[in-house]
Amino acid sequence: MKLYIKPVGPIGTNCYIAADDSGKCAVVDPGAQPDKLIAFIEAHTLTPEYILLTHGHYDHIGAVKALIKHFGCKLAIGENDAEQLADRTKSLAVARSMPDDIYIMTPDLLLKDGDVVTVGSMSFTVIDTPGHTRGGVTYRSDNLLFTGDTLFAGDVGRTDLYGGNYSQILASVRKLAALEGDFRVLPGHGPDSTLEQERSYNQYIKARDDEDLY
């Protein structure tokens, strides 16, 4: 697998493009700047087959419709976050003064825990990781974890927005920490990490349910 990381938008959402040797690719969280992403994909002669969303917040979905229109790829999201793709308030687009209809879309595939999305020779296994949103998911592929805004380097995502739940996000990061072996952690914002690093130093993985670290 070839992995490309393209930060997009005003708050630097990490868009990931994972491609196999044939050039078939998955685009994870194309949050903004569709022209930039389309130019990069075409320059590398890649063929997007799926857009995989870790969750439905505006800063992770802003380039989705343009990529689908240009490439004809399909869209997948956790089944409990589909509501955010139909409601600009729930996706936070309205709160951020972004009420445009580019934030309204219909997914092709609603995902649940254990589902596998195949793109070319690559497989992406879905891990339910709610807490930042009701239907947030992590995608596991080989030694990579695309964690969205669930698990960051040394941190976790906010839980004070629509659908957020602090106890759930603690359970989700513990669920990831319990995976066997080490993985490269690819978050929705900021630098990457490793699961072993997070097991050792991330205070939220070690936190008690009644211990508020916010």
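Residues numbered from 1 in each chain as written. Predicted model: local features only at pLDDT ≥ 70, side-chain atom pairs only at ≥ 80, totals over all residues. Heavy atoms only, no water.

Moving on, we get to the pattern of salt bridges. All chains considered together, the criterion is met by eight salt bridges. Residue Arg134 pairs with Glu83 through a salt bridge whose shortest N-O separation is 3.1 Å. Taken together, the residues Arg134 in the loop between β8 (122-128) and β9 (137-141) and Glu83 in the loop between β5 (74-78) and β6 (109-111) connect sequence positions 51 residues apart. In this structure Arg134 comes out as partly exposed when scored by relative accessible area, which is 40%. Here Arg184 makes a salt bridge to Asp192, at a shortest N to O gap of 2.7 Å. Judged by its relative accessible area of 35%, Asp192 falls in the partly exposed class. Beyond isolated ion pairs, a larger network of salt bridges with shared partners links Glu83, Lys90 and Arg134. (Salt bridge = Lys/Arg side-chain N within 4 Å of Asp/Glu carboxyl O. Helix = DSSP H or I, 4+ residues; strand = E, 2+ residues; numbered from the N terminus. Buried < 20%, exposed > 50% of the residue type's maximum accessible area, 1.4 Å probe, protein only.)

Let us now look at the nonpolar core. Ile17, Val27, Ile51, Leu53 and Leu67 are the most contacted members of the largest nonpolar core, which has 29 residues in total. Looking at this core, the element that brings in the most residues is helix α1 (residues 34-43), giving four residues. Those residues in contact with Val27 that lie beyond four places of it in its chain are Cys15, Tyr16, Ile17, Ile41, Pro48, Tyr50, Ile51, Leu52 and Leu67. The next biggest cluster of nonpolar side chains, apart from the first, holds 18 residues, and it includes Leu52, Val117, Met122 and Phe124. (Core = buried A, V, L, I, M, F, W, Y, C linked by side-chain atoms within 4.5 Å. Contact = heavy atoms within 4.5 Å.)

On to the state of the cysteines, then. If you walk through the whole model with that rule in mind, you get zero disulfides. Distance from the sulfur of Cys15, which forms no disulfide, to the nearest cysteine sulfur (Cys25) is 9.4 Å. No disulfide involves Cys73; its sulfur sits 8.0 Å from the nearest other cysteine sulfur, which is in Cys25. Among the residues examined, Cys73 registers a relative accessible area of 5% and is labelled buried. (Disulfide = S-S within 2.5 Å.)

The side chains of a regular strand alternate between the sheet's two faces. In terms of strand pairing, strand β3 (residues 24-28) meets strand β4 (residues 47-52) through five bridges, oriented parallel. Looking at β4, one finds that Lys24 is bridged to Thr47. After leaving β3, the chain enters α1 and then returns to the sheet as β4, a path that is right-handed. Summarising the sheet, β4 and β5 pair through three bridges and their orientation is parallel. Across the sheet, residue Ile51 finds its bridge partner in β5, namely Leu75. (Pairing = 2+ DSSP bridges. Right-handed = clockwise from strand over helix to strand, strands pointing away.)

So, on to the environment of Asp113. Positionally, Asp113 belongs in the loop between β6 and β7 (116-119). C-alpha of Asp113 to C-alpha of Gly9: the two residues are 104 residues apart in sequence and 29 Å apart in space. The residues touching Asp113, leaving out its near neighbours within four places in the chain, are Val126, Ile127, Asp128 and Lys175. Looking at Asp113, its side chain comes within polar contact range of the main-chain nitrogen of Asp128, at 2.8 Å. Side-chain polar atoms of Asp113 contact the side chain of Lys175, separated by 3.2 Å. (Polar contact = N/O pair within 3.5 Å; in protein donor to acceptor, adjacent residues only side chain to side chain.)

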